[in-house]
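# Architecture and fold: a report
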Amino acid sequence: SAVISQKPSRDICQRGTSLTIQCQVDSQVTMMFWYRQQPGQSLTLIATANQGSEATYESGFVIDKFPISRPNLTFSTLTVSNMSPEDSSIYLCSVDRPESSGYTFGSGTRLTVV
Amino acid sequence: QKEVEQDPGPLSVPEGAIVSLNCTYSNSAFQYFMWYRQYSRKGPELLMYTYSSGNKEDGRFTAQVDKSSKYISLFIRDSQPSDSATYLCAMSYNDYKLSFGAGTTVTVRA
């Protein structure tokens, strides 16, 4: 299955700043997904990123807050903009598994906003 | 009402016991059902995938789906300390947008 490298693994950021999270896959994939995992809550899909088109955002998430880039079939970034303590969470990227059903996840970025 | 409700736990069982994990859902359009295992500070790892009612076995793991009752379960037989993790149910109606349960943390005591 695909191997995903996600960076950084964790960060502590000041409120009002932005953080860009990188997701690198070792094989070409059509769709990449960005999730948020808040403590004690379900993983929530933020957006779907397809190469060559604008990302598709889920209800409650907007491009100005979570801009996404997808420059090629193996790489994507998610930026968390103008951060507040409420953005403290784990952010995960995910890709589909062409060899079987289901999805592969990166190890996540643990973000703390102070 | 959340689309997917998962028994919150946590669960603590002795080594060798059977672990039973459960989720209910409200959206009858869901047709793909998954269980993920997540170790601390790691991403979720796919354990089981099924799209039909009934049971599916893979080693010590059995996934059970009852679409008429909108209920899915995961059973872990002969549990080991290495099974200690958070287990997440997930489901989808179009095989790409997943709806997750909140997870159940399991501890298997040696």
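Reading the values: the criteria
- Residues numbered from 1 in each chain as written.
- Chains lettered and ligands numbered in written order.
- Predicted model: local features only at pLDDT ≥ 70, side-chain atom pairs only at ≥ 80, totals over all residues.
- Heavy atoms only, no water.
- Pairing = 2+ DSSP bridges.
- Helix = DSSP H or I, 4+ residues; strand = E, 2+ residues; numbered from the N terminus.
- Axes fitted to C-alpha atoms, helices over the stretch in contact; angles between N-to-C directions.
- Phe/Tyr/Trp six-rings, centres within 6.5 Å; stacked < 30°, edge-to-face > 60°.
- Buried < 20%, exposed > 50% of the residue type's maximum accessible area, 1.4 Å probe, protein only.
- Contact = heavy atoms within 4.5 Å.
- Buried area = accessible area lost by both parts, 1.4 Å probe.
- Salt bridge = Lys/Arg side-chain N within 4 Å of Asp/Glu carboxyl O.
- Polar contact = N/O pair within 3.5 Å; in protein donor to acceptor, adjacent residues only side chain to side chain.
- Nonpolar A, V, L, I, M, F, W, Y, C, P; charged D, E, K, R; others polar.
- pLDDT = per-residue confidence, 0-100.
- Disulfide = S-S within 2.5 Å.

### Observations concerning the sheet that holds strand E7 (residues 68–72) of chain A
Residues and elements named next belong to chain A. Across the sheet, four strands lie side by side as E1-E3-E8-E7; this open sheet has antiparallel pairing. With partners counted over all chains shown, the strands left at the sheet margins are strand E1 (4–7) and E7, one partner each. For this sheet the average axis-to-axis angle between neighbouring strands, irrespective of direction, equals 15°. The pairing of E7 with strand E8 (residues 75–80) spans three bridges and is classified as antiparallel. Residue pairing in the sheet places isoleucine 68 in a bridge with leucine 78 of E8.

### A look at the packing of aromatic side chains
Applying the stated rule across the entire model yields 12 aromatic pairs over all chains. Their ring planes at 75° and their centres at 6.1 Å tell us that Phe105(A) and Phe100(B) sit as a pair that is edge-to-face. Taken as a pair, Phe105(A) in strand E10 (residues 103–105) and Phe100(B) in strand E10 (residues 99–100) lie in two separate chains rather than in one. Exposure remark for Phe100(B): the relative accessible area of 4% places this residue in the buried category. Taken together, a centroid distance of 6.5 Å and an interplanar angle of 25° make the contact between Phe30(B) and Tyr93(B) stacked. Of the two residues, Phe30(B) sits in the loop between strand E3 (19–25) and strand E4 (32–38) while Tyr93(B) sits in the loop between strand E9 (85–92) and E10, which places them 63 residues apart along the sequence. The class of Phe30(B) is buried, set by a relative accessible area of 2%. Cluster of aromatic residues (ring-pair linked, three or more members): Tyr35(A), Phe105(A), Tyr36(B) and Phe100(B).

### Focus on the interface of chain A and chain B
Contacts between the two partners involve 21 residues from chain A and, on the opposite side, 17 residues from chain B. The junction of chain A with chain B conceals about 1,600 Å² of combined surface from both sides, 53% of it contributed by carbon and sulfur atoms. For the pair chain A and chain B, the number of links is one salt bridge. In this structure, the salt-bridge partner of Lys97(B) is Glu58(A), at a minimum N-O distance of 2.7 Å. For the interface between chain A and chain B, the tally reads four residue pairs in polar contact (both at pLDDT 80 or more). Those elements that place two or more of their residues in the side of chain A that touches chain B are strand E4 (31–37), strand E5 (43–50) and E10 of chain A. Of the residues forming the side of chain A that touches chain B, the biggest block, four residues, is contributed by E4(A). Tallied by class, the residues present in the side of chain A that touches chain B amount to eight nonpolar, nine polar and four charged.

### Remarks on the confidence of the model for chain A
A residue-level look at chain A finds 97% of positions with pLDDT of 70 or above and a mean pLDDT of 93. When pLDDT is averaged over each element of chain A, strand E2 (residues 10–13) of chain A comes out on top at 98 and E10(A) at the bottom at 91.

### Digging into the environment of Gln14(A)
Residues and elements named next belong to chain A. Residue position: glutamine 14 is located in the loop between E2 and strand E3 (19–25). Along the sequence, glutamine 14 and serine 89 sit 75 residues apart, while their C-alpha atoms lie 14 Å from each other. The residues contacting glutamine 14, other than those within four sequence positions of it, are Met83, Val113 and Val114.

### Observations regarding the sheet that holds strand E7 (residues 61–66) of chain B
Residue and element names in this part refer to chain B. As summarised here, the arrangement of the five strands in space is E1-E3-E8-E7-E6, forming an open sheet in which the pairing is antiparallel. Of all the strands in the sheet, the pair left with one neighbour each is strand E1 (4–6) and strand E6 (54–58). On average, each strand axis in the sheet is inclined to that of its neighbour by 15°, with strand direction left out of account. Where E3 meets strand E8 (residues 71–76), six bridges bridge the pair, whose relative direction is antiparallel. By the bridge assignment, threonine 24 is partnered in E8 with tyrosine 71.

### A look at the state of the cysteines
Here is the idea: a disulfide is a covalent bond, and it sits between the sulfur atoms of two cysteines. This structure, assessed with the given rule, holds two disulfides over all chains. Through a disulfide, Cys23(A) is tied to Cys93(A); the S-S separation comes to 2.0 Å. Its S-S torsion of about 70° marks the bond between Cys23(A) and Cys93(A) as right-handed, since a negative value means left-handed. Within this pair, whereas Cys23(A) is found in strand E3, its partner Cys93(A) is found in strand E9 (residues 89–96), the two being separated by 70 residues in sequence. Cys23(A) sits in the buried class, given a relative accessible area of 0%. Bridging Cys23(B) to Cys89(B), the disulfide has an S-S length of 2.0 Å. Here the S-S torsion is close to -100°, and the disulfide linking Cys23(B) with Cys89(B) is therefore left-handed. Residue Cys23(B) is found in strand E3, and its partner Cys89(B) is found in strand E9; the two are separated by 66 residues along the sequence. Grouping residues by exposure puts Cys23(B) and Cys89(B) together as buried.

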